[in-house]
Amino acid sequence: MFSKETYVRRRAELKRLVGQGVVLLFGNNEAPYNYPANAYSPMRQDSSFLYYFGQHRDGLVGVIDIDNDEEWLFGNDIDVEDIVWMGFTPSVSDLAAQVGITHTAPMGNLSTLVHNALASKRTIHFLPPYRHDTMIQLMDLTGIYPSMQRQSASVTLIKAVVKMRSTKERQEIEAIENACEVGYAMHTTAMKLVKPGITENYIGGKIDGIARMMASGTSFSTIFTQHGEIMHGCPSETTLEEDRLALCDAGCELDDYCSDHTRTIPVSGHFTQRQQEIYSIVEDCHDYVLDIAKPGITYMDVHFAVCRLMAGRLKELGLMCGDIDAAVEAGAHALFLPHGLGHMMGMDVHDMEGLGQTYVGYDDETRPNHEQFGTNCLRMGRRLQEGFVVTDEPGIYFIPQLIDEWRAKGHCKEFICYDKVEDYKDFGGIRIEDDVLITRSGCRFLGKNRIPYHPKDIEMFKEKYEE
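Description of the structure in this document. Owing to the predicted nature of the structure, the values given are computational and were not obtained by experimental measurement. (Residues numbered from 1 in each chain as written. Predicted model: local features only at pLDDT ≥ 70, side-chain atom pairs only at ≥ 80, totals over all residues. Heavy atoms only, no water.)

### With respect to the packing of aromatic side chains
Under the counting rule described, the total for this entry stands at 11 aromatic pairs. With centroids separated by 5.3 Å and ring planes inclined at 65 degrees, the aromatic side chains of F398 and F427 adopt a geometry described as edge-to-face. Here F398 is found in the loop between β15 (395-397) and α15 (400-409), whereas its partner F427 is found in the loop between α16 (418-422) and β16 (429-431), with 29 residues between them in sequence. Note on accessibility: F398 and F427 belong to one class, buried. Note on Y424 and F427: the rings are 6.0 Å apart at their centroids and 40 degrees apart in plane angle, and the pair reads as tilted. Of the two residues examined, Y424 and F427, each falls in the buried class. Taken together through their ring pairs, the aromatic side chains of F336, F398, Y424 and F427 make up a single cluster. Sitting over the ring of Y51, R10 keeps its end group 3.8 Å from the ring centre. Cation over ring: R11 sits above F53, and NZ or CZ is 5.4 Å from the ring centre. (Phe/Tyr/Trp six-rings, centres within 6.5 Å; stacked < 30°, edge-to-face > 60°. Helix = DSSP H or I, 4+ residues; strand = E, 2+ residues; numbered from the N terminus. Buried < 20%, exposed > 50% of the residue type's maximum accessible area, 1.4 Å probe, protein only. Lys NZ or Arg CZ within 6 Å of the ring centre and 35° of its normal.)

Here it is as structure tokens:
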């Protein structure tokens, strides 16, 4: 939790941006695993509630009555029976005072406030809900059915929250840097453990354990697989093989902020020539972002600049052909890079994505392209501003089923050398990812310690550990 003044200032700015009406910000409740008393643990608070109200306790709703200049925290105090099992929890009024709020009431009183506001034809602002218990609560309060709630959510509030949360304060950047340090420990542990004969699950479990030991846990389900061509390959009982590459995409959550990194490691400890050739392309694309990402340029332009670099290098290897600009315009590169260059990151690993990607990763100026394969997965395209935190995660993947489908259809055959690509169907995939802060004149990686990613650095790191 930050200082009380932080939350007071944030709520004041939100009131200014929204302008009028009543803002409802729902905290999360415990989520039952398989029966009510056995909940997923630890509980994860809603990020926007945390941003403005700072409290992690379940069963809270924050209200900002802009018209009457009042701020409320609604929730029920914990009774002694719960204290026996869960320990002491401060009262709702004490929690409110910690973040500069003077008005509190039991949860049952929230319906009176909302019903009175609706009767007075005042606007009720809420964000798109993503949990079903919140949807039911919102329906009870407003009469809006869950199926209609996302389209009924306040665009004014969404845009205000996105505007504020997109630009990270200094204390937020420090929190992300701290999370990146745990990410360093997670990824370097994976590098040390990668060797033939060990299972993906073993390494995935070690990574998750570090996140639980040093932070609040992982910021998303850990991806660890020697089948790097699978974008979200979960660890399995598969045993690592000598000639494969292991892809590790993992991060932690610490003090409400996330890290997100990806590294690709040769199981043998050394890259083969073919692996090195593909890896060097991804490495250069990853580093190219540092040269061109800065305030004023759209991340969509950065994405396509990286795609052109990648396509040109693939052409040099004989995997692509023809005019590079025309190839990228046709989406031919997406056979190898079927996702976007990156996404916003902060309190959520895909920061604010639940508010709607057209508001978070795009804006009135820059619109997503939902039609073209690959480009439709570009989560971040808007113009960069100082204080944004985005991921830089190019990759090259050889997905056998996708290759077969495109070849059968003759898709982009004037740009793709399918006979040559056929030889790479057993290759897997490579991704390199870091978290990038947009600065006043450019950008920089976040994290005090750089997880090795240059091929020689990875090989030297593993050699040093194995000694």
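### Overview of the sheet that holds strand β18 (residues 443-445)
The pairing of strands in a sheet comes from backbone hydrogen bonds and takes either a parallel or an antiparallel form. Taken in spatial order, the 3 strands line up as β14-β17-β18 in an open sheet, and their pairing is antiparallel. Of all the strands in the sheet, just β14 (389-392) and β18 have a single pairing partner and so form its edges. Across the sheet, the axes of successive neighbouring strands diverge by a mean angle of 35 degrees, strand direction being ignored. Sheet topology note: the strand β17 (residues 434-438)/β18 ladder contains 3 bridges and is antiparallel. The residue bridging V436 from the neighbouring strand is F445, located in β18. (Pairing = 2+ DSSP bridges. Axes fitted to C-alpha atoms, helices over the stretch in contact; angles between N-to-C directions.)

### Examining helix α9 (residues 170-193)
An ideal rise of 1.5 Å per residue puts 34 Å on 24 residues; α9 measures up with 35 Å between its terminal C-alpha atoms. The buried fraction of α9 amounts to 18 of the 24 residues, a majority that puts the element mostly inside the structure. (Expected span 1.5 Å × (residues − 1).)

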